[in-house]
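Fold and contact review
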Amino acid sequence: MIPSPTTQTACDTGDNDLVLLNETSTEQLSGVFQQSAQSTLPKMFALELKAELTGVTNLRPDDSQDNPFWYMFKVQCTSCRETHSNYVGVNRFETNEMSGSRGEANFVWKCKNCKRESSASIKAAPKPYEQSEPAKSQRLIEFDCRGLEFVEFKPEGDWLAEGLESGTKFTGIELVDGEWFDYDEKAGEEVSIKDITWEIRRA
């Protein structure tokens, strides 16, 4: 039986609808795969410091292989965008295995929300913060993040500095309260670190 024009038109419309549905589904799946792939691509970030240094310079973490510094961050998963409330510690001398024989990283972490694994590594030793007037933002460390971002830094641990003119060594500096004061006997003057701000940005 030869179908009537009306029946033929209806079949064509149905087929076209099916094709459009398939194309839409393919685009949606492609978008999901692209988003998943982008969330695990390496991204370089830097921790920057700005502070008013009086009488001291070369401010830096007390960070050596014998006495590693733990950099404390809050973490955001780039897959589900969940920011986790607890701080995590990253040690540039410590290495941890990633699942699936994908190598090692200083920090390997699984998101409690979406269960995806991510990692981060600190690329080099911290750069000392030099005194300047006015104070300028300077890069302290860089880190390679895969599947996560560090969104907040807490300066726990001991820091080091030196007298600006005297060269006096200052150790055990604590910055968690946002300021530090001491006295440089060689220079005969008070020294301080104030107006501290931290920023994490794309390197």
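Attention in this report is confined to the structure presented alongside it. Since the structure is predicted, the reported quantities are computational estimates derived from the model, not experimental observations. (Residues numbered from 1 in each chain as written. Predicted model: local features only at pLDDT ≥ 70, side-chain atom pairs only at ≥ 80, totals over all residues. Heavy atoms only, no water.)

**Side note on the pattern of salt bridges**
Enumeration according to the criterion identifies twelve salt bridges in this entry. In this structure, Lys43 and Glu149 form a salt bridge, with 3.7 Å as the shortest nitrogen-oxygen distance. Of this pair, Lys43 sits in strand β1 (residues 42-54) while Glu149 sits in strand β10 (residues 148-154), placing them 106 residues apart in sequence. Judged by relative accessible area, which is 14%, Glu149 ranks as buried. Between Asp144 and Arg146 there is a salt bridge, with its nearest N and O atoms 3.4 Å apart. With a relative accessible area of 38%, Arg146 lands in the partly exposed category. Here the salt bridges share partners, and the residues they tie into one network are Glu48, Arg139, Glu142, Glu199 and Arg201. (Salt bridge = Lys/Arg side-chain N within 4 Å of Asp/Glu carboxyl O. Helix = DSSP H or I, 4+ residues; strand = E, 2+ residues; numbered from the N terminus. Buried < 20%, exposed > 50% of the residue type's maximum accessible area, 1.4 Å probe, protein only.)

**So, the packing of aromatic side chains**
Aromatic ring pairs are described here by two measures, namely the spacing of the ring centres and the angle between the planes. Summed over all chains, the structure comprises ten aromatic pairs. Residues Phe170 and Trp180 carry aromatic rings whose centres are separated by 5.6 Å and whose planes lie at 80 degrees to one another, so their mutual orientation is edge-to-face. In this pair, Phe170 sits in strand β12 (residues 169-173) while Trp180 sits in strand β13 (residues 180-184), placing the two residues ten residues apart along the sequence. According to the relative accessible area criterion, Phe170 is buried, its value standing at 6%. Ring pairing ties together the aromatic residues Phe69, Tyr71, Phe73, Phe107, Phe143, Phe150, Phe153, Trp159 and Trp198, which thus form one cluster. Over the aromatic face of Phe45 sits the side chain of Arg202, whose NZ or CZ is 5.5 Å from the ring centroid. (Phe/Tyr/Trp six-rings, centres within 6.5 Å; stacked < 30°, edge-to-face > 60°. Lys NZ or Arg CZ within 6 Å of the ring centre and 35° of its normal.)

**What about the sheet that holds β10?**
Strand order in this open sheet of three strands is β4-β3-β10, and the pairing throughout is antiparallel. Strands with a single pairing partner mark the edges of an open sheet, and in this sheet they are β4 (88-90) and β10. Neighbour-to-neighbour, the strand axes of this sheet turn through a mean angle of 50 degrees, independent of strand direction. (Pairing = 2+ DSSP bridges. Axes fitted to C-alpha atoms, helices over the stretch in contact; angles between N-to-C directions.)

**Let's talk about unusual backbone geometry**
A cis amide bond links Glu133 with the next residue in sequence, Pro134, at an omega value of -5 degrees. Within the secondary structure, Pro134 is located in the loop between β8 (117-122) and β9 (138-146). Positive phi, normally seen in glycine, also occurs at Asn58, with a value near 55 degrees. Within the secondary structure layout, Asn58 lies in strand β2 (residues 56-61).

**Quick notes on the environment of Lys169**
Structurally, Lys169 is set in strand β12. Assessed through its relative accessible area of 59%, Lys169 is described here as exposed. The spacing of Lys169 and Val56 is 113 residues in sequence and 9.3 Å in space, taken between C-alpha atoms. Once you skip the residues sitting within four places of it in the chain, Lys169 turns out to touch Ala161 and Glu162. Separated by 3.4 Å, the side chains of Lys169 and Glu162 make a polar contact. (Contact = heavy atoms within 4.5 Å. Polar contact = N/O pair within 3.5 Å; in protein donor to acceptor, adjacent residues only side chain to side chain.)

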